[in-house]
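Residue-level structural notes
Below are the chains, spelled out letter by letter.
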Amino acid sequence: MHLNIFNWNIPVLHLKEHRLEFVSGEDLDAGPMTANSQSLDAFSEIQIDTNVLEATIQVGDSYGVYLDCNEKLIPTVSVENGTLLVKQRAPNRWFQGSTEAEMTITVPAGTDLKALTATHNVGDLNVEGINIDVVDVKVNVGDVNLDDITGKTLTVDSDTGDVEAEACSFEKVTIKSDIGDADYESTKDLSDYKMDLKTDVGEINLKNSDQDSDHYGVDHSYKQNGSAGELNITVDVGSITVK
């Protein structure tokens, strides 16, 4: 059950810089929703730094961005020196109310990006059907979904949320998740990849390999020698699936 307190002018205790303040309901007004689309100059890199946002990057007709956000959560979007910059400031004080904020970035079919760097506080990140040399993602709370991505290196650091890479191909993969499942499905043969997989609480599933196995419980790990690539996945609480 969700209680909307914004029509009630009641004080709320707010912890700020190690001290408690009273914040009125008027200060917590969430603001209206707004939606707009924008054409962008061509870019070869993407840098995203957001507080509360669900982001999708996919193939479209042109370089562009579509935003559907609470007006107090609208990020700034610009292209500088061939890099798309998306920045979203943290809401003032203790933000409550509608945290709806969605962004879709599009690039033309056949676009090859040099890099995607994303720092997400809260929200899912979805990337589909794009070649990206270097993917580096940090998420505090939210899922990371990668589909049909080809590149050189993939690095994901997730505090809470699932990480799923489907039909992907990277030479080096490093995934770390504190709480959440980590799935990696490769379009390449992984039999000659160096692997280091570990989950403290969960299971490890290796599919379509000579070493099919399931591990249950705690402190389970799997290692494999190889020279074609590198796959490292570490999960504290959650399962690992590689295929």
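Our subject is the structure that appears above.
Anyway, here's the lowdown on the structure attached to this text. All values reported here derive from a predicted model rather than from experimental measurement.

1. Here we look at the overall build of the protein chain
A count of helices and strands for the protein chain gives zero helices and 23 strands. Put simply, the protein chain has 243 residues, and 40% of those count as buried. For the protein chain, contacts bridging at least 24 residues in sequence account for 54% of all contacts bridging at least 6. Carbon and sulfur atoms make up 45% of the accessible area of the protein chain, which amounts to about 12800 Å² in all.

2. Examining the packing of aromatic side chains
If you walk through the whole model with that rule in mind, you get one aromatic pair. Note on F43 and Y63: the rings are 5.0 Å apart at their centroids and 65 degrees apart in plane angle, and the pair reads as edge-to-face. Of this pair, F43 sits in the loop between β3 (33-39) and β4 (45-52) while Y63 sits in the loop between β5 (54-60) and β6 (64-70), placing them 20 residues apart in sequence. The pair F43 / Y63 is uniform in exposure class, with both members buried.

3. A short note on a negative patch on the surface
A cluster of acidic side chains, namely D162, E164, E166 and D181, defines a negative patch on the protein surface. Note that D181 resides in the loop between β16 (172-179) and β17 (182-186). A relative accessible area of 32% means that D181 is categorised as partly exposed.

4. Let's talk about the side chain of S158
Within the secondary structure, S158 is located in strand β14 (residues 153-160). The contacts of S158, once residues within four sequence positions are left out, are V139, G142, V163, K176, S177 and D178.

5. Some words on the side chain of T199
Looking at the secondary structure, you find T199 in strand β18 (residues 193-201). We classify T199 as buried; its relative accessible area is 0%. Of note is the side chain of T199, whose polar atom sits 3.4 Å from the backbone oxygen of V201. In terms of polar contacts, T199 uses its side chain to reach the backbone carbonyl oxygen of G238, at 2.6 Å.

6. A closer look at the environment of K194
Position of K194 among the secondary structure elements: in strand β18. When its relative accessible area of 42% is taken as the criterion, K194 is described as partly exposed. Excluding its chain neighbours within four sequence positions, the residues that come into contact with K194 are Q224, N225, G226, G229, E230 and L231.

7. Some remarks on a positive patch on the surface
Together, K172, K194, K198 and K223 give the surface a local cluster of positive charge. Looking at the element boundaries, K172 is found in strand β16.

8. What about the pattern of salt bridges?
Tallied over the full model, the rule gives two salt bridges. K138 is the partner of D136 in a salt bridge, and the nearest nitrogen-oxygen pair spans 3.6 Å. The partly exposed category is assigned to K138, whose relative accessible area is 41%. For the salt bridge of K176 with D178, the shortest nitrogen-to-oxygen distance reads 2.8 Å. With a relative accessible area of 37%, K176 lands in the partly exposed category.

How each quantity is defined
- Residues numbered from 1 in each chain as written.
- Predicted model: local features only at pLDDT ≥ 70, side-chain atom pairs only at ≥ 80, totals over all residues.
- Heavy atoms only, no water.
- Helix = DSSP H or I, 4+ residues; strand = E, 2+ residues; numbered from the N terminus.
- Buried < 20%, exposed > 50% of the residue type's maximum accessible area, 1.4 Å probe, protein only.
- Contact = heavy atoms within 4.5 Å.
- Areas by Shrake-Rupley, 256 points an atom, 1.4 Å probe, with all protein chains shown as cover.
- Phe/Tyr/Trp six-rings, centres within 6.5 Å; stacked < 30°, edge-to-face > 60°.
- Patch = residues over 30% accessible without salt bridge, like charges linked within 9 Å, V, L, I, M, F, W, Y side chains within 5 Å.
- Salt bridge = Lys/Arg side-chain N within 4 Å of Asp/Glu carboxyl O.
- Lys, Arg positive; Asp, Glu negative; His and termini not counted.
- Charge placed at Lys NZ, Arg CZ, Asp CG, Glu CD.
- Polar contact = N/O pair within 3.5 Å; in protein donor to acceptor, adjacent residues only side chain to side chain.

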